[in-house]
Amino acid sequence: MDYVKLINCMRCGMCLPHCPTYKETFLETASPRGRVALVCKVQEGELDKSELLLEYLSMCLDCQACASACPCGVNAGELVAEFTCERRAGAGLGFMEDLILRKLVPHPDRLETSMVPMRLYQRTGLQKLVRKLGILKMFPKPLERMEGLLPALPARPLRREIAEITPATGTERGTVGFFLGCVMSLIFSDASRATIKLLSSLGYKVITPKNQVCCGAPNMLAGDLAGLKEAARTNVEIFGGHRIDFIITDCGGCGAELKKYGHHLDGDLMAEAFSGKTRDISQLLALHVDELRVMLKPLPPKVTYHDPCHIAHCQGIRREPRELLKLVPGLEYRELAEADACCGSAGTYNIEKPEMSDRVLLRKVDNIRKTGADYLVTSNPGCLLQLKKALAVELPSLRVVHLTELLLMSLNA
Ligand code: SF4
Ligand code: SF4
């Protein structure tokens, strides 16, 4: 860990009003400034890595809202994640982590097969029965929460049905590689299908390599740096074998990770080129506002936008999604208060820290309610899972969709 990054904190407190856990607790130990101080004291040998210290640090969502607010460039979320990652890396992978991160996640075929029981569980009506009878209450809480988050799964993962090459519609203007995120392909395949359709409609040939693997973000979370580098090397090699102008992703979490491949692979030139070509879909679509203005057809709903942390704070993308939504004729855009505040999903945080996750989520839901919107748009699978579940209960008339789904609705209107 780079000690200089820690001592850059001048304790001004400008990050405090932006930190979701501080806003909920008003505790210094739950603030970015407090977390940086704790890690700093450990590095200086004045504090032990006690369970209590780790518990304090584990409350951080790694949303990086503090980094956006800090005038000194301190990224408390990243520093805490790095600290935790180094500690976990020292402990090695447990049996289940090894099974999931090494034997399942890097193998798309196996990952897809592992979802078959869930698909059967939903399609046979068993899920409805289990929920109606409250059977899950007899299982550990994390399992009940995980089950509750699962939306209706598509019949097939997108990777299995999408052609490796989708031709451009009309005159070809370029070629892009499409990065299929695991969750996007397995769960939100309609959104990624919409992404590919928009790209092709704008004249891009889309190459979707079937042998691409997970971006490595789950490895990073678990401190499995070897697994992360392996994922990065595999993807860099696969996409490097194609002549493409951009690598496009519609998953905020994947985009944030792909843009760091150059760093993860220690400045390897191919990895740097890969990261340099990576764009969130909103960044590419925003290059074509003039064409889209002509192509998009009227759509009347009131729409609001939630900034995923991995898009707003980690990639600095805020203008593009809003600009694209405002292109839709007739659409009434309503800005969301605290739009770039975390929704409480944060990887597996909503399973591991349910109480704080729910508090953060409740604030988000209240702000969404105040907009009076018919649609909530966002662009990250974690946010989609979290907000779809909560809003189905709290605001059943509101629909939660990915940015590309809403744009495609307008294209097809
Ligand atoms: S992390 Fe940045 S904003 Fe927060 S107290 Fe330190 S210097 Fe100030
Ligand atoms: S990453 Fe988020 S939760 Fe963690 S300290 Fe920063 S603002 Fe707070």
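Our structure is the block above this text.
Okay, so let's go over this structure. (Residues numbered from 1 in each chain as written. Chains lettered and ligands numbered in written order. Predicted model: local features only at pLDDT ≥ 70, side-chain atom pairs only at ≥ 80, totals over all residues. Heavy atoms only, no water.)

With respect to the site of ligand 2
Argument step 1. By nearness alone, 13 residues border ligand 2, and Cys19, Arg35, Cys60, Cys63 and Cys66 come closest of all.
Argument step 2. Broken down by secondary-structure element, the contributors of at least two residues to the shell around ligand 2 are helix 2 (20-25), helix 3 (32-43) and helix 5 (65-69).
Argument step 3. Taken together, the residues that form the shell around ligand 2 break down as eight nonpolar, three polar and two charged. (Near = heavy atom within 4 Å. Helix = DSSP H or I, 4+ residues; strand = E, 2+ residues; numbered from the N terminus. Nonpolar A, V, L, I, M, F, W, Y, C, P; charged D, E, K, R; others polar.)

Considering the packing of aromatic side chains
Argument step 1. Scanning all chains against the criterion turns up four aromatic pairs.
Argument step 2. Measuring from centroid to centroid gives 5.7 Å for Tyr22 and Phe26, while their planes differ by 80°, and the two rings are edge-to-face.
Argument step 3. Judged by relative accessible area, which is 61%, Phe26 ranks as exposed.
Argument step 4. Taking 6.2 Å as the distance between ring centres and 35° as the angle between the ring planes, the aromatic pair formed by Phe179 and Phe239 counts as tilted. Note that Phe179 is positioned in strand 2 (residues 174-179) and Phe239 in helix 16 (residues 225-240), a separation of 60 residues in sequence. The pair formed by Phe179 and Phe239 is uniform in burial state, with each residue classed as buried.
Argument step 5. Here the aromatic residues Phe179, Phe239, Tyr261 and Phe274 are joined through ring pairs into a cluster of three or more. (Phe/Tyr/Trp six-rings, centres within 6.5 Å; stacked < 30°, edge-to-face > 60°. Buried < 20%, exposed > 50% of the residue type's maximum accessible area, 1.4 Å probe, protein only.)

A few points about the packing of helix 3 against helix 4 (residues 51-58)
Argument step 1. Packing of helix 3 against helix 4 leaves a shortest axis separation of 10 Å and a crossing angle of 145°. When the axes of helix 3 and helix 4 are compared, the crossing they make is left-handed. Listed contacts from helix 4 to Arg35, Leu38, Val39 and Val42 of helix 3 are Leu53, Tyr56 and Leu57.
Argument step 2. Tallied by class, residues from the contact of helix 3 with helix 4 come to six nonpolar, no polar and one charged. (Axes fitted to C-alpha atoms, helices over the stretch in contact; angles between N-to-C directions. Left-handed = near helix turned anticlockwise from the far one by under 90°. Contact = heavy atoms within 4.5 Å.)

Regarding the layout of surface pockets
Argument step 1. By volume, the second largest pocket is sized at about 450 Å³.
Argument step 2. Lining the second largest pocket are 19 residues; nearest its centre among them are Glu144, Glu147, Gly148, Leu149 and Lys389.
Argument step 3. Only helix 10 (126-133), helix 11 (141-149) and helix 26 (381-394) provide two or more residues apiece to the lining of the second largest pocket.
Argument step 4. Sorting elements by how many residues they give to the lining of the second largest pocket places helix 11 first, with six residues.
Argument step 5. Looking at the lining of the second largest pocket, its residues break down into nine nonpolar, two polar and eight charged. (1 Å grid on protein atoms, 1.4 Å probe; cavity = no way out; pocket = protein on both sides within 12 Å on 5 of 7 lines; lining within 4 Å. Points joined across faces, edges and corners; volume = space filled by probe spheres on them.)

Section: the site of ligand 1
Argument step 1. Every residue near ligand 1 is listed here: Cys9, Met10, Arg11, Cys12, Gly13, Met14, Cys15, Arg33, Cys70, Pro71, Cys72 and Val74.
Argument step 2. Residues that form the shell around ligand 1 fall into these classes: nine nonpolar, one polar and two charged.

With respect to helix 19 (residues 269-277)
Argument step 1. Residues of helix 19 that are buried include every one of Ala271, Phe274 and Ser275, and no others. For helix 19, the angular spread of the buried residues around the axis is 95°, confining them to a single face.
Argument step 2. If you follow the buried residues of helix 19, they end up packed against helix 16, strand 4 (246-249), helix 17 (252-258), helix 18 (261-264) and strand 5 (278-280).
Argument step 3. At the N-terminal end of helix 19, a side-chain oxygen is found 3.1 Å from the backbone nitrogen of Met270, two or three residues along, and the residue is Asp268. (Arc of directions from axis to C-beta. Polar contact = N/O pair within 3.5 Å; in protein donor to acceptor, adjacent residues only side chain to side chain.)

Things to note about the environment of Ala65
Argument step 1. For Ala65, the position within the fold is in helix 5.
Argument step 2. In this structure Ala65 comes out as buried when scored by relative accessible area, which is 6%.
Argument step 3. Once the C-alpha coordinates of Ala65 and Arg33 are considered, the two residues, 32 residues apart in sequence, prove to be 12 Å apart.
Argument step 4. Among residues more than four places away in sequence, those in contact with Ala65 are His18 and His313.

Details of the side chain of Asn75
Argument step 1. With respect to the helices, strands and loops of the structure, Asn75 is situated in the loop between helix 5 and helix 6 (76-91).
Argument step 2. A relative accessible area of 13% means that Asn75 is categorised as buried.
Argument step 3. Here the side chain of Asn75 touches Glu78 through a polar contact of 3.0 Å, landing on its backbone nitrogen.
Argument step 4. Not counting chain neighbours up to four residues away, the residues in contact with Asn75 comprise Gln64 and Ala67.

Notes on unusual backbone geometry
Argument step 1. Unlike most non-glycine residues, Arg11 shows phi in positive territory, near 65°.
Argument step 2. Here Arg11 lies in the loop between helix 1 (3-7) and helix 2.
Argument step 3. Arg11 sits in the exposed class, given a relative accessible area of 57%.

Structural notes on the packing of helix 14 (residues 189-201) against helix 27 (residues 403-412)
Argument step 1. Between helix 14 and helix 27, whose axes approach to 8 Å, the crossing angle comes to 55°. Classified by the interaxial angle, the pair formed by helix 14 and helix 27 is oblique. Our pair here, helix 14 against helix 27, has a crossing hand that is left-handed. On the side of helix 14, the interface is formed by Asp190, Ala191, Ala194, Thr195, Lys197, Leu198 and Ser201, while helix 27 contributes Thr404, Glu405, Leu407, Leu408 and Leu411.
Argument step 2. Here the contact of helix 14 with helix 27 is composed, by residue class, of six nonpolar, three polar and three charged. (Parallel < 35°, antiparallel > 145°, perpendicular 65-115°, else oblique.)

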